[in-house]
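Chain residues, written in single-letter form:
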Amino acid sequence: MGLFDYFNANRKSAEVAKERLSILITRDKIQRDRPSFLPQLQDELLAVIKKYVDINQDDISITLDREQDCEILELNITLPEKSCQQREDKPLPEREREP
Amino acid sequence: MTNTKIIVITSGKGGVGKTTTSAAFAMGLALEGHKTAVVDFDVGLRNLDLIMGCERRVVYDFVNVINKEARLNQALIRDKRTENLYILPASQTKDKESLTMEGVETVLNELKETFDYIVCDSPAGIEHGAFMAMYFADEAVVVTNPEISSVRDSDRILGLLASKTKRVVENRTPVKEHLLLTRYSPERVSRGEMLSVKDIQEILSIPLLGVIPESEAVLTASNQGVPVIANRNSDAGMAYQDCVARFLGEDIEMRFIDPKKKSIFSKFFGGN
């Protein structure tokens, strides 16, 4: 039995329950308050980025954090190693070729 | 009645004491002289009639009234022991979808004409039946056990009460929430084996209406089909009386939240 287990075994079960619940409920609340448009935003962003760079669904993640009065929308896109630049074979979208 | 109050007894999790509470609460309000109807929303799994001891008098039910197969006063069962108390049983056969929004609203509006309080006994879960039971509520009693899954589900229900009820949709003041802790064992709390009232209140952060101790009287009462509040000498019965009084605005100190003091005699002989 490791030292950590030893301390855990000595803790009252109600204390453990309270700690687990507090974490869980905070997480549930964040999930619940998450705006419903986030998944759609993610899909649309993915579609736009795909026009220029080859990425997968898993390469893009969106999280919304709250710090006091401030909401932070964090957008994380992992670009493939080789071609961070525009691919030669992919033409520019219609709109941008217009004069 | 213009100021009828609709109270939903809800919890999310099953088996925490919603029906026991609905029966006790409704009888308590009636005993205080308020004309009260208690409505079973658990279509398909009706049990309120059993707890109220009127299962053999059920002829028509909630769904019959919604479907206009019976009039409301044909379906309402008058409690034989308590003046002012009526029960509207759920249907045992039909499925939960038969509780339509319009149907439920029509029945509640008709009940509002004669009753001061309408107590809605919600089914467990967060499906249609539970949603219908809470949608029209003015106040909610959230029944919670000192057990993590129950507390978590109560938090979930509080989220729904704050976002998915008629009062919210119509931009009125939100549903007033009350916490009711059941099956509480002060002895186990003092040994650190059970979440305390304080712990649960901190986590859910809604006002505490009362604490019902773990009590043998609850099973005895349901065996006999008598709401436990009718047993005026039992701990659970007294705790429910306190809850009703607090709900009606009285300021009453919490009981049954501290371990029983052992007498020197019982300490000596190891009894309880």
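Naming follows an unreviewed UniProt entry, where chain B appears as Septum site-determining protein MinD of Candidatus Electronema aureum. What the UniProt record of chain B gives under Sequence similarities (unreviewed entry) is the line "Belongs to the ParA family. MinD subfamily." The heading Subunit (unreviewed entry) in the UniProt record of chain B holds the text "Interacts with MinC and FtsZ."

Asks: Go over the overall build of chain B with me, naming the residues and quoting the values.
Replies: Of regular secondary structure, chain B possesses 13 helices and eight strands. Relative to a compact globule of 272 residues, whose C-alpha radius of gyration would be 19 Å, chain B shows 19 Å and is just as compact. Its C-alpha atoms give chain B principal-axis dimensions of roughly 65 × 40 × 35 Å. Expressed as a percentage of its 272 residues, the buried residues of chain B come to 53%. Sequence-distant contacts, at least 24 apart, represent 74% of the contacts inside chain B between residues at least 6 apart.

Asks: Account for the sheet that holds strand β6 (residues 139–144) of chain B, naming residues and giving values.
Replies: Residue and element names in this part refer to chain B. The strand order across the open sheet formed by eight strands is β3-β4-β2-β5-β1-β6-β7-β8, and the pairing between neighbours is mixed. Unpaired on one side and paired on the other, β3 (77–78) and β8 (208–213) mark the two borders of the sheet. Pairing between strand β7 (residues 176–184) and β8: four bridges, direction parallel. Residue pairing across strands places Leu-181 opposite Val-211, the latter belonging to β8.

Asks: How would you explain the pattern of salt bridges if you had to name every residue and give the values?
Replies: Per the counting criterion, the structure on display carries 20 salt bridges over all chains. One salt bridge connects Asp-199 of chain B with Lys-18 of chain A, and the closest N-O pair in it is separated by 3.5 Å. Linking Asp-199 of chain B in helix α10 (residues 197–204) with Lys-18 of chain A in helix α2 (residues 13–33), this pair reaches from one chain into another. Overall, Asp-199 of chain B belongs to the buried group, its relative accessible area being 13%. The salt bridge partner of Asp-28 of chain A is Arg-152 of chain B, with a shortest N-O separation of 3.0 Å. With one member in each of two chains, Asp-28 of chain A in helix α2 and Arg-152 of chain B in helix α7 (residues 148–161) form a pair that bridges those chains. The exposure class assigned to Arg-152 of chain B is partly exposed, which follows from its relative accessible area of 32%. Each of Lys-18 of chain A together with Lys-198, Asp-199 and Glu-202 of chain B takes part in one network of salt bridges that share partners.

Asks: Account for the packing of aromatic side chains, with residues named and values stated.
Replies: Residues and elements named next belong to chain B. Summed over the entire model, instances satisfying the criterion amount to six aromatic pairs over all chains. Between Tyr-86 and Phe-115 the ring centres are 5.6 Å apart and the planes differ by 70°, which places this aromatic pair in the edge-to-face class. A residue pair is termed long-range when its members are at least 10 positions apart, and Tyr-86 in strand β4 (residues 85–88) and Phe-115 in the loop between α5 (101–112) and β5 (117–121) qualify at 29 residues. Their ring planes at 65° and their centres at 6.2 Å tell us that Tyr-117 and Phe-247 sit as a pair that is edge-to-face. Pair noted here: Tyr-117 is in strand β5 and Phe-247 is in helix α12 (residues 235–247), with a separation of 130 residues, a long-range link. Pair check on accessibility: Tyr-117 and Phe-247 agree, each one buried. Each residue in the set Phe-25, Tyr-117 and Phe-247 is aromatic and connected to the rest through ring pairs, giving one cluster.

Asks: Run through the interface of chain A and chain B, naming residues and quoting values.
Replies: Contacts between the two partners involve 13 residues from chain A, matched on the other side by 14 residues from chain B. Interface area for chain A against chain B, summed over the two sides, is near 1,200 Å², with a carbon-plus-sulfur share of 59%. Remark: the boundary between chain A and chain B carries four salt bridges. The tally of links from chain A across to chain B stands at four residue pairs in polar contact (both at pLDDT 80 or more). Its residues placed into classes, the side of chain A that touches chain B shows five nonpolar, two polar and six charged.

Asks: Kindly report on the packing of α2 of chain A against α7 of chain B, identifying the contributing residues and their values.
Replies: A pair of packed helices is characterised by two quantities: the angle between their axes and the separation of those axes. At a closest axis distance of 10 Å, the pairing of α2 of chain A and α7 of chain B adopts a crossing angle of 25°. On the basis of the axis angle, α2 of chain A is roughly parallel to α7 of chain B. For the pair α2 of chain A and α7 of chain B, the sense of crossing is right-handed. Contact residues: α2 of chain A offers Ala-17, Arg-20, Leu-21, Leu-24, Ile-25, Asp-28, Lys-29 and Arg-32 of chain A, while α7 of chain B offers Ile-148, Val-151, Arg-152, Asp-155, Arg-156 and Gly-159 of chain B. A per-class count over the contact of α2 of chain A with α7 of chain B returns six nonpolar, one polar and seven charged.

Cut-offs and rules
Residues numbered from 1 in each chain as written. Chains lettered and ligands numbered in written order. Predicted model: local features only at pLDDT ≥ 70, side-chain atom pairs only at ≥ 80, totals over all residues. Heavy atoms only, no water. UniProt positions renumbered as here; feature names shortened; annotations may be inferred. Helix = DSSP H or I, 4+ residues; strand = E, 2+ residues; numbered from the N terminus. Rg over C-alpha atoms; globule rule 2.2 N^0.38 Å. Buried < 20%, exposed > 50% of the residue type's maximum accessible area, 1.4 Å probe, protein only. Contact = heavy atoms within 4.5 Å. Pairing = 2+ DSSP bridges. Salt bridge = Lys/Arg side-chain N within 4 Å of Asp/Glu carboxyl O. Phe/Tyr/Trp six-rings, centres within 6.5 Å; stacked < 30°, edge-to-face > 60°. Buried area = accessible area lost by both parts, 1.4 Å probe. Polar contact = N/O pair within 3.5 Å; in protein donor to acceptor, adjacent residues only side chain to side chain. Nonpolar A, V, L, I, M, F, W, Y, C, P; charged D, E, K, R; others polar. Axes fitted to C-alpha atoms, helices over the stretch in contact; angles between N-to-C directions. Parallel < 35°, antiparallel > 145°, perpendicular 65-115°, else oblique. Left-handed = near helix turned anticlockwise from the far one by under 90°.

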